[in-house]
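Residues per chain are reported as follows:
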Amino acid sequence: QDQVPPFSTQEAREIIETELGSSIDEIFVEFPSEPIAAASLGQVYRAKMRGQNGEEDRWVAVKVQRPNIMNQIALDMHLIRDVAPFIKRTFNLNTDFVGVVDTWGVGFVDELDYIEEAINGKTFMEGIERTPLSGVVFSPTVVDELTTRKVLTTDWVVGERLDKSAKEDVSILCSIAMNTYLTMMLETGVLHCDP
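So, here's what we can say about the structure.

Side note on the environment of Gly 121
Right, so step 1: If you trace the backbone, Gly 121 turns up in helix α5 (residues 114-128).
Right, so step 2: For the pair formed by Gly 121 and Val 60, sequence separation is 61 residues and the distance between their alpha carbons is 15 Å.

In structure tokens, the structure reads:
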């Protein structure tokens, strides 16, 4: 999911400008020609946002939804739903497999609403701040004025992938991650997949 070929930056720029109602140059001091990462639903750029009202310019992550991804997901889910009864009969599954597919579909569609993702990030932070994990785990701060259904802008966070971490740090980081997911499930009630 995180090593998908990117779509063109020109398309991404057009989506950003359409969604935000301004040109890239009006919003950003620097905007790269290539994304920093591309995934199945969108891709991310590390850009420098133009400061406003006396604020300094700052680095942000700009997540842009893939063009026509909703149509692609709708088609995929339709095809899976069509074969669900056949799979249920073939493997003698004792479950509402069509219902499971429908639930997956709702989840995929929800993932395509970056405003909802922004709200979830804020809700996650409000909940986690009331736990012992406050100050240890966080979700990047959302830049509301640069966030729409198809563009999500957050503060840029410097980090590293777990598979690139020092061996001695991995067990500590995994313990923090496990505590975070248990806290979300058992205390806050909000499951955030990218803390």
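Re the pattern of salt bridges
Right, so step 1: The final tally for this structure, using the stated rule, is 5 salt bridges.
Right, so step 2: Here Lys 122 ties to Asp 144 by a salt bridge, and the two come within 2.4 Å at their closest N and O atoms. Taken together, the positions of Lys 122 in helix α5 and Asp 144 in the loop between α5 and β5 (151-155) put the pair 22 residues apart, joining distant regions of the chain.
Right, so step 3: Judged by its relative accessible area of 34%, Lys 122 falls in the partly exposed class.
Right, so step 4: Between Arg 161 and Asp 163 there is a salt bridge, and its shortest N-O distance comes to 3.2 Å.

Side note on the environment of Lys 150
Right, so step 1: The residue Lys 150 is located in the loop between α5 and β5 in this model.
Right, so step 2: For Lys 150, a relative accessible area of 40% corresponds to the partly exposed category.
Right, so step 3: Spatially, the C-alpha atoms of Lys 150 and Thr 9 are 15 Å apart, while their sequence positions differ by 141 residues.
Right, so step 4: Among residues more than four places away in sequence, those in contact with Lys 150 are Ile 15, Glu 19, Lys 63, Val 64, Gln 65 and Tyr 114.

Overview of the packing of aromatic side chains
Right, so step 1: Scanning the entire structure with this criterion turns up 2 aromatic pairs.
Right, so step 2: For the pair Phe 28 and Phe 31, a centre-to-centre distance of 5.4 Å together with 50° between the ring planes defines the contact as tilted. Like Phe 28, the residue Phe 31 is buried in the burial classification.
Right, so step 3: Grouped by ring-pair contacts, the aromatic residues Phe 28, Phe 31 and Tyr 45 constitute a single cluster.
Right, so step 4: Stacked on the ring of Trp 59, the Lys or Arg Arg 46 has its end atom at 4.0 Å from the ring centre.

Some words on the packing of α5 against helix α6 (residues 167-188)
Right, so step 1: Running from N to C, α5 and α6 cross one another at 90°; their axes reach a closest spacing of 11 Å. As summarised for this structure, α5 and α6 are arranged roughly perpendicular, according to the angle between their axes. The segment α5 lies against α6, with Phe 124, Gly 127 and Ile 128 engaging Thr 180, Thr 183, Met 184 and Thr 188.
Right, so step 2: Counted by class, the contact of α5 with α6 contains 3 nonpolar, 4 polar and no charged residues.

Structural notes on the side chain of Gln 43
Right, so step 1: Among the secondary structure elements, Gln 43 is positioned in strand β3 (residues 42-49).
Right, so step 2: On the accessibility criterion, Gln 43 (1% relative accessible area) is buried.
Right, so step 3: Separated by 2.8 Å, the side chains of Gln 43 and Tyr 45 make a polar contact.
Right, so step 4: Filtering out sequence-adjacent residues up to four positions away, Gln 43 remains in contact with Pro 6, Phe 7, Ser 8, Ala 12, Pro 35, Ala 37, Ala 38, Val 62, Lys 63, Val 64 and Arg 66.

A closer look at the nonpolar core
Right, so step 1: Among the nonpolar cores identified, the biggest contains 18 residues, and Ile 16, Phe 28, Phe 31, Val 60, Val 62, Val 64 and Leu 146 are the most heavily contacted of them.
Right, so step 2: At the level of elements, α1 (9-20), α2 (24-27), β3 and β4 (58-65) are the ones that each hand at least two residues to this core.
Right, so step 3: A per-element tally of this core places α1 first, with 4 residues.
Right, so step 4: Discounting chain neighbours no more than four positions away, the residues touching Val 64 are Phe 7, Ala 12, Ile 15, Ile 16, Leu 41, Gly 42, Gln 43, Tyr 45, Tyr 114 and Lys 150.

Conventions adopted
Residues numbered from 1 in each chain as written. Predicted model: local features only at pLDDT ≥ 70, side-chain atom pairs only at ≥ 80, totals over all residues. Heavy atoms only, no water. Helix = DSSP H or I, 4+ residues; strand = E, 2+ residues; numbered from the N terminus. Salt bridge = Lys/Arg side-chain N within 4 Å of Asp/Glu carboxyl O. Buried < 20%, exposed > 50% of the residue type's maximum accessible area, 1.4 Å probe, protein only. Contact = heavy atoms within 4.5 Å. Phe/Tyr/Trp six-rings, centres within 6.5 Å; stacked < 30°, edge-to-face > 60°. Lys NZ or Arg CZ within 6 Å of the ring centre and 35° of its normal. Axes fitted to C-alpha atoms, helices over the stretch in contact; angles between N-to-C directions. Parallel < 35°, antiparallel > 145°, perpendicular 65-115°, else oblique. Nonpolar A, V, L, I, M, F, W, Y, C, P; charged D, E, K, R; others polar. Polar contact = N/O pair within 3.5 Å; in protein donor to acceptor, adjacent residues only side chain to side chain. Core = buried A, V, L, I, M, F, W, Y, C linked by side-chain atoms within 4.5 Å.

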